Amino acid sequence: FSINRHFYNYKTSIFTPSFGTATKVRITSQMGTHQVIEQLLHKFKGPSEDIMKVFLMDSNEQEVSNDVAQYLNLELPILQQVLIKLTEQENREILTTMTKYHKRHGVMSRLLSSHNPPIETSV
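Residues numbered from 1 in each chain as written. Predicted model: local features only at pLDDT ≥ 70, side-chain atom pairs only at ≥ 80, totals over all residues. Heavy atoms only, no water.

K.L.:
Help me understand the overall build of the protein chain in this model?
P.N.:
When helices and strands are tallied, the protein chain shows 3 helices and 3 strands. Listing every helix and strand of the protein chain by position from the N terminus yields β-β-β-α-α-α. Residues classed as buried in the protein chain amount to 5% of the 123 residues present. Considering only intrachain contacts with a sequence separation of at least 6, the fraction spanning at least 24 residues in the protein chain is 5%. Surface accessibility of the protein chain: about 11800 Å² in total, with carbon and sulfur atoms responsible for 56%. (Helix = DSSP H or I, 4+ residues; strand = E, 2+ residues; numbered from the N terminus. Buried < 20%, exposed > 50% of the residue type's maximum accessible area, 1.4 Å probe, protein only. Contact = heavy atoms within 4.5 Å. Areas by Shrake-Rupley, 256 points an atom, 1.4 Å probe, with all protein chains shown as cover.)

Set out below in structure tokens:
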């Protein structure tokens with residue numbers, strides 16, 4: 001049976017939207033990635049990967065970008081490898097940024113400590 005064009009799956013005890021129905025989850029810019037994924041998984045409990053895919057898009061975008069579209073038909077093991085490579089690249093960038101910060105922080109700290117003007121007090 002159907003309620004608001006959502007069909008009840010007796011095997012999973014989940015209501016799912018009919019094919020082609022746009023279903024939305026409200027998120028804000030204050031939410032982190034983990035929270036967004038939790039919202040999606042809560043909304044779409046038990047989806048079959050064979051029949052459903054979930055895409056995150058900016059509200060001002062009308063369609064999936066070419067950057068995303070190139071990954072849509074890849075198998076999961078390939079996508080996992082791409083994700084591993086992107087994570088490694090991100091970690092290298094973080095390490096580079098932190099190294100630069102610590103070097104510059106050290107230089108600035110030494111300069112500030114070597115140029116302490118005498119403090120004058122009056123009684």
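Following the structure, the description resumes.
K.L.:
Is there a simple way to explain the confidence of the model for the protein chain in this structure?
P.N.:
Detailed reading of the predicted coordinates is not advisable wherever pLDDT falls low. Mean pLDDT for the protein chain: 78, with 70% of residues reaching 70 or above. Within the protein chain, the element-level pLDDT minimum falls on strand β1 (residues 2-3), averaging 54, and the maximum on helix α3 (residues 76-114), averaging 92. (pLDDT = per-residue confidence, 0-100.)

K.L.:
Where do I start with a nonpolar patch on the surface in this structure?
P.N.:
Together, Tyr 71, Leu 74 and Ile 78 give the surface a local cluster of nonpolar side chains, amounting to about 230 Å² of exposed area. Among the secondary structure elements, Leu 74 is positioned in the loop between α2 (66-69) and α3. (Patch = residues over 30% accessible without salt bridge, like charges linked within 9 Å, V, L, I, M, F, W, Y side chains within 5 Å. Salt bridge = Lys/Arg side-chain N within 4 Å of Asp/Glu carboxyl O.)

K.L.:
Hey, could you run me through the environment of Leu 40 in this one?
P.N.:
Within the secondary structure layout, Leu 40 lies in helix α1 (residues 33-43). On the accessibility criterion, Leu 40 (15% relative accessible area) is buried. Along the sequence, Leu 40 and Ile 27 sit 13 residues apart, while their C-alpha atoms lie 9.7 Å from each other.

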